[in-house]
Amino acid sequence: MSSEKAKFETKCVHAGIEEDVYGAVVPPIYQTSTFKFKSAKHGASLFAGEEKGHIYTRMSNPTINAMENAIAELEGGYKALGCGSGMAAIHTVFAALTGCGDHVVCSTAVYGPTNTLLRDIFKRMGVETTFADTSNLSEIEANIKKNTKIIYIETPGNPTLAITDIEKSAEIAHKSKAVLIVDNTFMSPAYQRPLEFGADVVVHSMTKFLNGHADVVAGLIVVKEEEMYKKMRKTLNQTGGVIDPFNSFLVHRGIKTLSIRMERHAENAMKIAKFLEQHPAVESVSYPWLESHPQYDMAKKQQTSGGGIISFELKGGFAAGEKMMNTVKLCALAVSLGGVETLIQHPASMTHFTMGQEARKAAGITEGLVRLSVGIENVDDLIADINQAME
Ligand code: LCS
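Here is a short report on the structure shown in this document. Chains are numbered independently. Their residues run from 1 in the order of the written sequence. Since the coordinates come from a predicted model, pLDDT governs what is reported: local features require at least 70, and pairs of side-chain atoms require 80 or more to be given and counted, while whole-chain, interface and lining totals use all residues. Where side-chain values are given, they derive from all heavy atoms of the structure, hydrogens and water being excluded.

A word on the sheet that holds strand β10 (residues 332–333)
Under the convention used in this document: Whether two strands pair comes down to DSSP finding at least two bridges between them. Per the convention used, a helix needs a DSSP run of H or I reaching at least four residues, while a strand needs a run of E reaching at least two, with both numbered from the N terminus. Note on definitions: a residue-residue contact is assigned when non-hydrogen atoms from the two residues lie within 4.5 Å. Angles run from 0 to 180 degrees between N-to-C directions of axes, and those axes are lines fitted to C-alpha atoms, restricted for helices to the stretch in contact.
The 5 strands lie next to each other as β8-β9-β12-β11-β10, forming an open sheet whose pairing is mixed. Of all strands in the sheet, those bounded by a partner on one side alone are β8 (282–286) and β10. Here strand β11 (residues 343–345) runs beside strand β12 (residues 369–373); their pairing, made up of 3 bridges, is antiparallel. From the neighbouring strand, Gln345 faces β12, where its bridge partner is Arg371. Running at roughly 125° to strand β9 (residues 309–314), helix α13 (residues 317–327) makes contact with β9, β10, β11 and β12 of the sheet.

As for the pattern of salt bridges
Two side chains carrying opposite charge are able to pair once their charged atoms lie near each other. Applicable threshold: One speaks of a salt bridge when a side-chain nitrogen belonging to Lys or Arg is within 4 Å of a carboxyl oxygen belonging to Asp or Glu. The buried label goes to any residue with under 20% of its type's maximum accessible area, the exposed label to any with over 50%, and the partly exposed label to all in between, with areas taken from a 1.4 Å probe on protein chains only.
What the rule picks out here adds up to 12 salt bridges. We note a salt bridge from Lys175 to Glu141, for which the minimum N-O separation is 3.9 Å. Taken as a pair, Lys175 in helix α7 (residues 166–175) and Glu141 in helix α6 (residues 137–143) lie far apart in primary sequence, 34 residues in all. Judged by its relative accessible area of 66%, Lys175 is exposed. Relative accessible area serves as the criterion here: at 43%, Glu141 is assigned to the partly exposed category. Where Glu196 meets Arg193, a salt bridge forms, and the shortest distance between an N and an O atom there is 3.2 Å. Taken together, the shared-partner salt bridges in this structure form one network comprising Asp165, Glu167 and Lys301.

Comments concerning the sheet that holds strand β4 (residues 148–154)
The strand order across the open sheet formed by 7 strands is β1-β7-β6-β5-β4-β2-β3, and the pairing between neighbours is mixed. In the strand order of this sheet, the two ends are held by β1 (79–83) and β3 (128–132), each with one partner. Here the average twist between neighbouring strands, direction ignored, is 20°. In the sheet, β4 pairs with strand β5 (residues 179–183) via 5 bridges, with the strands oriented parallel. Its bridge partner lying in β5, Tyr152 is registered against Ile181. Running at roughly 155° to strand β6 (residues 201–205), helix α4 (residues 86–97) makes contact with β1, β2 (103–107), β4, β5, β6 and β7 (219–223) of the sheet. In the packing of α7 onto the sheet, contacts are made with β4 and β5, and the angle to β5 comes to roughly 150°.

A look at the pairing of β5
Inclusion rule: When the strands point away from the viewer, a crossover counts as right-handed if the path from the first strand over the helix to the second runs clockwise.
A large share of β5 lies buried, amounting to 5 of its 5 residues. Here β5 shows two buried faces, one formed by Val179, Ile181 and Asp183 and the other by Leu180 and Val182. Crossover β4 to β5 through α7 is right-handed.

Observations regarding α7
Quick reminder: α-helices carry 3.6 residues per turn. Residues three or four places apart thus point the same way. What counts here: Directions pointing from the helix axis toward each C-beta atom define the arc.
Along α7, the positions that sit buried rather than exposed are Ile166, Ser169, Ala170, Ile172 and Ala173. Considered in projection along α7, the buried side chains sweep an arc of 165° and stay on one side of the axis. Elements in contact with the buried residues of α7: α6, β4, β5 and α12 (296–302). Positive backbone phi, at 60°, marks Lys177, one or two positions downstream of α7.

Description of the pairing of β1
Of all 5 residues in β1, 4 are buried; the element is thus mostly enclosed. Here β1 pairs with β7 via 5 bridges, running antiparallel. Across the sheet, the residue bridging to Lys79 is Val223, located in β7.

Topic: the packing of aromatic side chains
Condition: Pairing of aromatic rings covers Phe, Tyr and Trp, the last through its six-membered ring, and needs centres within 6.5 Å; plane angles under 30 degrees mean stacked, over 60 mean edge-to-face, and all others mean tilted.
In the structure shown here, the tally under the stated rule is 5 aromatic pairs. An angle of 40° between the planes, with centres 5.2 Å apart, marks the rings of Phe94 and Tyr152 as tilted. Of this pair, Phe94 sits in helix α4 while Tyr152 is found in strand β4, placing the two residues 58 residues apart along the sequence. For the residue pair Phe94 and Tyr152, the accessibility class agrees, reading buried in each case. These aromatic residues form a ring-pair network of at least three members: Phe94, Phe122 and Tyr152.

Details of the environment of Leu180
Here Leu180 shows up in strand β5. For Leu180, a relative accessible area of 0% corresponds to the buried category. A C-alpha to C-alpha distance of 18 Å links Leu180 and Ala88, two positions 92 residues apart in sequence. With residues near it in sequence (within four places) discarded, Leu180 still touches Ile151, Ile153, Ile166, Ser169, Ala170, Ala173, Ala199, Asp200 and Val201.

Regarding the packing of helix α11 (residues 258–278) against helix α15 (residues 379–390)
Inclusion rule: With respect to orientation, any angle under 35 degrees is reported as roughly parallel, any angle over 145 as roughly antiparallel, any angle of 65 to 115 as roughly perpendicular, and every other angle as oblique. Left-handed describes a crossing in which the near helix is turned anticlockwise from the far one by less than a right angle; the clockwise case is right-handed. Gly falls in the polar group here, along with every residue not listed as nonpolar (Ala, Val, Leu, Ile, Met, Phe, Trp, Tyr, Cys, Pro) or charged (Asp, Glu, Lys, Arg).
Contact pair α11 / α15: the axes reach a minimum separation of 10 Å and the direction vectors enclose 30°. Judged by the inter-axis angle, α11 sits roughly parallel to α15. In this structure, α11 meets α15 at a crossing whose hand is right-handed. Contact residues: Asn268, Lys271, Ile272, Phe275 and Leu276 in α11; Val379, Leu382, Ile383, Ile386, Asn387 and Met390 in α15. A breakdown of the residues in the contact of α11 with α15 according to their chemical character gives 8 nonpolar, 2 polar and 1 charged.

Regarding a nonpolar patch on the surface
Under the convention used in this document: The patches reported here contain residues having more than 30% relative accessible area and no salt bridge. Joining distances are 9 Å for like charges and 5 Å for nonpolar side chains (Val, Leu, Ile, Met, Phe, Trp, Tyr). The Shrake-Rupley method, run with a 1.4 Å probe sphere, supplies the accessible areas, and residue values consider only the shown protein chains as cover.
Together, Leu333, Val335 and Met350 give the surface a local cluster of nonpolar side chains, amounting to about 240 Å² of exposed area. Mapped onto the elements, Val335 comes out in the loop between β10 and β11. On the accessibility criterion, Val335 (43% relative accessible area) is partly exposed.

Some remarks on the side chain of His42
Within the element layout of this structure, His42 appears in helix α2 (residues 40–47). Classification of His42 by relative accessible area gives buried; the value is 12%. With residues near it in sequence (within four places) discarded, His42 still touches Phe37 and Glu51.

Nothing here speaks to function; it is geometry throughout.
In structure tokens form, the structure reads like this:
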């Protein structure tokens, strides 16, 4: 069903769904690794790109394509590529666009393994990365070099929720003939669409809000134009980090409720952020739509909500945070985020441990920082649980 002119909530329900031969309302799962050719000539013609059709699931599959088309439409992109994880998506974009001798500018506040991917594997491949506080545009400009191919930002950044101006970053990138890539995992297309602000590529950990039910690990690349799509598809075919049909089906099911889930995540998060901000045991709270957030105006400009993630520090530092994480009952002590259930974790010893203390310090990830992924439970129950744990 075409829904290009429809509103976002309608697109969530209908995007990517095409007429089925049996009239199925939900696209079936094509759980097959390969597709039969009608003849040797047909097979050759598919491989030569003269005819359209599916060959092999690493290259394309109807269930995967349906999910990719749906999210490409939600992000306002040309096409999307489903990957086996968010990290597979991130690896693919760097593998597609950089080579030995190239340079990358990357936000200091990014998911830990994104930082280590660049500092480890891509460094060994001869790609140099400068980590910069991209929430300060002059830091991006100052670090651009002649060989800069990519400006890579995560906004809001994991876990500090630092915001980077997407529109201005795109201007800086394009002036230097570089590409702007935005990790949009924290906002999802429900609340931020980076391509509309000039970004060239969007990446997602679909493990998070897009799937939304903490039962899938998956990633996505969304591109703005055909040339970029061809580069990404060629790389993904070669490196093989694709999603499978069943997980694609689950993500496609998940996005039907994306807009209503996000509304509850954000409504609960705002109430909890305000509760934490006035609590005497809390040292500081970071939530993009709190006026106290250092980039509040920027967040208001490019996001249509504050989202579902909060990070905060207790007055007693790490010891107090640790005690709290061990005392919550309803909030689960677990990494990941963006699912319907509320999760709490400690970035310095968990999600951002591999970065090392120095890189964490540069990114503003203090040893006492606690991150909360606010679920869709009743907010009074969540506040009661957080409150009893802090006491
Ligand atoms: N980008 C962001 C912003 C993320 O938060 C994550 C995972 C990834 C990419 C990688 O995606 P994955 O390969 O896991 O699908 N973030 C996690 C986190 O904060 N806790 O556990 C995983």
